[in-house]
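# Residue-level structural notes
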Amino acid sequence: MKLILVIIAVIFLVIIGKVFYIQVIEYDKLNKSASNLWSRNLPIKADRGIIYDRNGVVLADNVTTTSLVLIPNQIEDKEDTAKKLAEILGVTTEEMLEHANKKTSIERVHPEGRRLSYEVADKIKDLDLPGVYLVKESQRYYPFDTYMSHTLGFVGIDNQGLSGLELMYDDYLTGEDGAIKYYSDAKGNKLELSEVYEQPQSGMNITLTINHEIQESVERELDNAVTKFNPDQALAIVMDPNSGEILAMSSRPNYSPSNYTKYTTEKINRNLPIWATYEPGSTFKIITLAASLEEGTVDLAKDNYYDSGSIKVENATIHCWKHGGHGEETFMQVVENSCNPGFVVLGQRLGKNKLFSYINKFGFGTKTGIDLNGESTGIIFPLDKVGPVELATTAFGQGVSVTPIQQVTTVSAAVNGGILYKPYIVKSINEPETNTVIKETKKTVVRKVISEKTSEKVRDALEHVVAYGSGRTSYIEGYRVGGKTGTAQKVENGRYLDNNYILSFIGVMPANDPEVVVYVAIDNPKGVVQYGGVTVGPIAKNILTDCISALGIEKQEGGLVKKASYTDAKTAKVTDVTGMTVSEAKKALSKFNVDVEGSGDKVTYQSPEAGTTLEEGETIRIFTS
Amino acid sequence: MRKTNLSLIIAVITISLFGLLMIYSASYVWAEYKFDDPFKYVKNQGMFLIIGIILMLLVSKIPFEKYYKYSSKIFAVCFILLILVLFFGTERNGSKSWFGIGSFGIQPSEFMKLAMIIFTSKYLYNNRKDLGNIKKGVLPILGVTLIIFALIMLQPDFGTGVILVMGVIGLLFIGGVDIKFFLKIGLLGIIGIVLLILAAPYRLKRILSFLNPWEDPLGSGFQIIQSLYAIGPGGLFGFGLGESRQKHFYLPEPQTDFIFSIISEEFGFLGVIIVSLLFITIIYLGIKIALKSNNLFGKYLAFGIVFSLGFQALLNLMVVVGLIPVTGVTLPFLSYGGSSLLITLVSIGIVLNVNRRE
């Protein structure tokens, strides 16, 4: 009997031991699964991380919306509830009844019950029905709508990143949803136990290298270009040449990220500044120029060339864009005039090995590695396929295929002292509460391509182009703009298209110490001279002008003075007309259009003031008393 | 002697009152849902408890020798009831174990458990000289036991059957039957199980399934998982009286077989220790009474009752904590059930008398 007592006692100990095991050792595991079993969550959507420009302007924000959530087990009168809700939401009662009868712990009414307006939400709140809840949801909001749409991207209905930066940095931008947890019995009824509020965690904030002021300028100019020229496509990139930071980028056609479903995938997915590949045309001559200067195969000021209008290479004849040629010219003038035969000679002097090694070193034929999805590689002739004709055409930008971002990155390297940087757009990623930096992009040197001295010569040549040559439409007095135009015939199925060009301009400012590189390209503008300088130059000039105030670039003396040409409008100095009578003033300003304000006879004030140089025919306002 | 009896009475009343409290806490959710009366179960049980305590005190005055005299008659009455219940019993949860009288039920197998102990005690006492001879001394009583077991299995009620058989085996062991005999029976059992498993290997999986209830969380593993979800989160001190979550329809009928889970959930490890100590005290006192008894019949009677009670408690607890597969056994004093509580208290009354007669 004692033995049996001992056995019973031992078994009791085993049982107690097992209980101890369950309650202490397995406590966490069981408690967690049991909590999941007991608790029901009313989810609270977390805010997505905010995307800022470099100066803290919000480019992608969140707004709070209200959504309807049903807990079917708590609904007492399903028919009545469904009927009332259906009325408010404008759906059929049957449909609502289906939601109310779902065998699930929490039912969302999708999509009618999501992102409710205030009136609808208030009406539902006033019903005060059991099992009917309103929860706060965070929704993405793009304050500038179509602005930079390809680069920013967009999110889906559940706030998940679907394209652009929203997709690429989705893991960072996505927050952790919170919840109101309450306890429920196995039949789904709410228990009278305390509710737990789990605060949602906002996603990480992203600061871009974008400068909102410049970006706005780019957007405006592209919109204007679309209105004026109705091009197939248009794009622009603005870069800080001393770091590779993207200051602005955009393209047309664009889309509204909050209505992304209304656009074709091509329109949405093609971020042209990094996706498009095409023949660059004359802007590519900067590379040939830089290579020649670095190798010392030309002295721009002293070496001369006679352009007869064409040059024979093997069996092919390559024509200059100017019929009849430019005649006798220095190589500086070859650059200013964008003379094709002159560049053929530069290419021949370098030889194919040298020219192509510079093309590679400048990064053509490889992705720049910018931190965006969807970048293209471009195509460069493989070296063993390069004969004299390919060498000749490559020298002036034909027969190669490059992306806009490659051109901007390369030209930045050519003018910044010779350093090729990896372009980037994300400046930093910050934790939202403490603003701790999680990730920060620093400028990355890819390689040194040319020397500082060569770079200086390139800058000088580009300033000449804008002051004296094909880039004159981009000249801004006192800010030393350098640049190069480009006109590339489009290729389709291996053949050049007639009268279908991509016109481009790449500008550098100030040419002596570049702070910004601007690239603008317009694909197939209608009803204009198919020449980069005429169509794109003024657009680039407007963007450059906005960069002056956005970046605080200072006016300086000593730049090259623009040379007038027959394409330029004549300019004249405004004379001082204050104190004159209206008719005297009109006579003095006969070259301008005079706008008289007020009904007096004496001029008291004029705008612009005396001494300003204006194009003839521009308006001057005079105020009288 | 009196001191032992007083301790036993206090321990029994304490555990029964605690049981009543826990039955209320565990059952009010279901009671309200099923009968619109949260006090439904606790009222029934309370009535049985009062009657049971009175009966216990009355029975403690009845000389236990009377059971020796009426042993066969008691046994016969219970036997007939056991047969009748198969025909006229009401079916609950798939087994015909009850005679329904109004909302109450009488469970003949519960009475048979006590009758069998009385009957076996008398048998052992009468045949004490023949117990060395297996054929003549042991097989007859084993035969009777197996018939009763078979009747109970027809209901079917495996748990009660096992407890009844174990009560007899415990008594045979105490009665001095050669230990080798039990080893042989055990060996036979093991060989039988091995053969069954070899014949159909899936049985092993089924037998072992209780070790990992998560394999079939909605089927065979359901009850044990729900039980673990009650015990585990209880932690050291529990959620407090009335604060169980699992009783809110997660654990089916929490006032019966799985009341220990709710105790663990509401009072934690501390509650488990206290309940275990109360059981050990009762068993210890009971065995102490059996040991001290000079009357062999009384000794057998007291031991049989206490052993049977202890075995049932262990069986229930092992199921609840997941040590053995679910068998459907209630926890004495604590689980809801009128017949069971009544018989348990009457049995304690008999044990008290065994002690008082010394």
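Because the structure is a prediction, the values reported are computed rather than measured.

### Remarks on unusual backbone geometry
For residues that are not glycine, phi is negative in most cases, and the peptide bond is trans in most cases. Residue and element names in this part refer to chain A. In the segment running from R252 into P253, the intervening peptide bond is cis, with an omega of 0 degrees. Note on placement: P253 falls in the loop between β10 (245-252) and α10 (265-269). In this chain, M509 is followed by P510 through a cis amide linkage whose omega measures -15 degrees. Residue placement: P510 occurs in the loop between β20 (495-509) and β21 (516-523). With a phi close to 55 degrees, D145 is a non-glycine residue in the positive phi region. Take D145: its relative accessible area is 34%, and that puts it in the partly exposed class. One non-glycine residue, E314, adopts positive backbone phi at about 50 degrees. Among the structural elements, E314 can be located in the loop between β12 (310-313) and β13 (316-319).

### A few points about the packing of aromatic side chains
Residues and elements named next belong to chain B. One pass over the structure, following the stated rule, counts 27 aromatic pairs over all chains. Note on F173 and F182: the rings are 5.6 Å apart at their centroids and 70 degrees apart in plane angle, and the pair reads as edge-to-face. Judged by relative accessible area, which is 28%, F173 ranks as partly exposed. Over the aromatic face of Y125 sits the side chain of R128, whose NZ or CZ is 4.5 Å from the ring centroid.

### Overview of the interface of chain A and chain B
Contacts between chain A and chain B engage 32 residues on the former and 44 residues on the latter. Roughly 3,600 Å² is buried in total at the junction of chain A and chain B, and carbon and sulfur atoms are behind 84% of that figure. Between chain A and chain B we count 0 salt bridges in total. Scanning the region where chain A abuts chain B turns up 3 residue pairs in polar contact (both at pLDDT 80 or more). Of all the secondary structure elements, the ones that give two or more residues to the side of chain A that touches chain B are α1 (2-25) and α2 (27-38) of chain A. The element that contributes the greatest number of residues to the side of chain A that touches chain B is α1(A), accounting for 16 residues. Here the residues of the side of chain A that touches chain B sort into 23 nonpolar, 4 polar and 5 charged.

### Notes on the sheet that holds β10(A)
Residues and elements named next belong to chain A. On the basis of which strands lie adjacent, the open sheet formed by 5 strands has the order β10-β9-β21-β20-β19 and antiparallel pairing. Among the strands making up the open sheet, the edge pair consists of β10 and β19 (482-492). Looking at each pair of strands side by side, their axes are set apart by 10 degrees on average, direction ignored. Relative to β20, β19 runs antiparallel, the two sharing 10 bridges. The residue bridging Q489 from the neighbouring strand is Y501, located in β20. On the sheet, helix α16 (residues 404-415) packs against β9 (233-240), β10, β20 and β21 and is oriented at approximately 30 degrees with respect to β9.

### Section: the pattern of salt bridges
Residue and element names in this part refer to chain A. Summed over all chains, the structure comprises 26 salt bridges over all chains. Among the salt bridges present, the one from K490 reaches D523, with a minimum N-O distance of 2.7 Å. Highlighted residues: K490 in strand β19 and D523 in strand β21, separated in sequence by 33 residues. Here K490 and D523 have matching classes, each one buried. In this structure, a network of salt bridges that share partners links the residues R48, R140, E166 and D170.

### Considering the side chain of N205(A)
Residues and elements named next belong to chain A. When you line up the elements, N205 lands in strand β8 (residues 205-208). For N205, a relative accessible area of 9% corresponds to the buried category. Of note is the side chain of N205, whose polar atom sits 2.8 Å from the backbone nitrogen of I50. Aside from chain neighbours lying at most four places away, what touches N205 is G49, I50, Y52, S428, I429, N430 and P432.

Calculation notes
Residues numbered from 1 in each chain as written. Chains lettered and ligands numbered in written order. Predicted model: local features only at pLDDT ≥ 70, side-chain atom pairs only at ≥ 80, totals over all residues. Heavy atoms only, no water. Helix = DSSP H or I, 4+ residues; strand = E, 2+ residues; numbered from the N terminus. Buried < 20%, exposed > 50% of the residue type's maximum accessible area, 1.4 Å probe, protein only. Phe/Tyr/Trp six-rings, centres within 6.5 Å; stacked < 30°, edge-to-face > 60°. Lys NZ or Arg CZ within 6 Å of the ring centre and 35° of its normal. Contact = heavy atoms within 4.5 Å. Buried area = accessible area lost by both parts, 1.4 Å probe. Salt bridge = Lys/Arg side-chain N within 4 Å of Asp/Glu carboxyl O. Polar contact = N/O pair within 3.5 Å; in protein donor to acceptor, adjacent residues only side chain to side chain. Nonpolar A, V, L, I, M, F, W, Y, C, P; charged D, E, K, R; others polar. Pairing = 2+ DSSP bridges. Axes fitted to C-alpha atoms, helices over the stretch in contact; angles between N-to-C directions.

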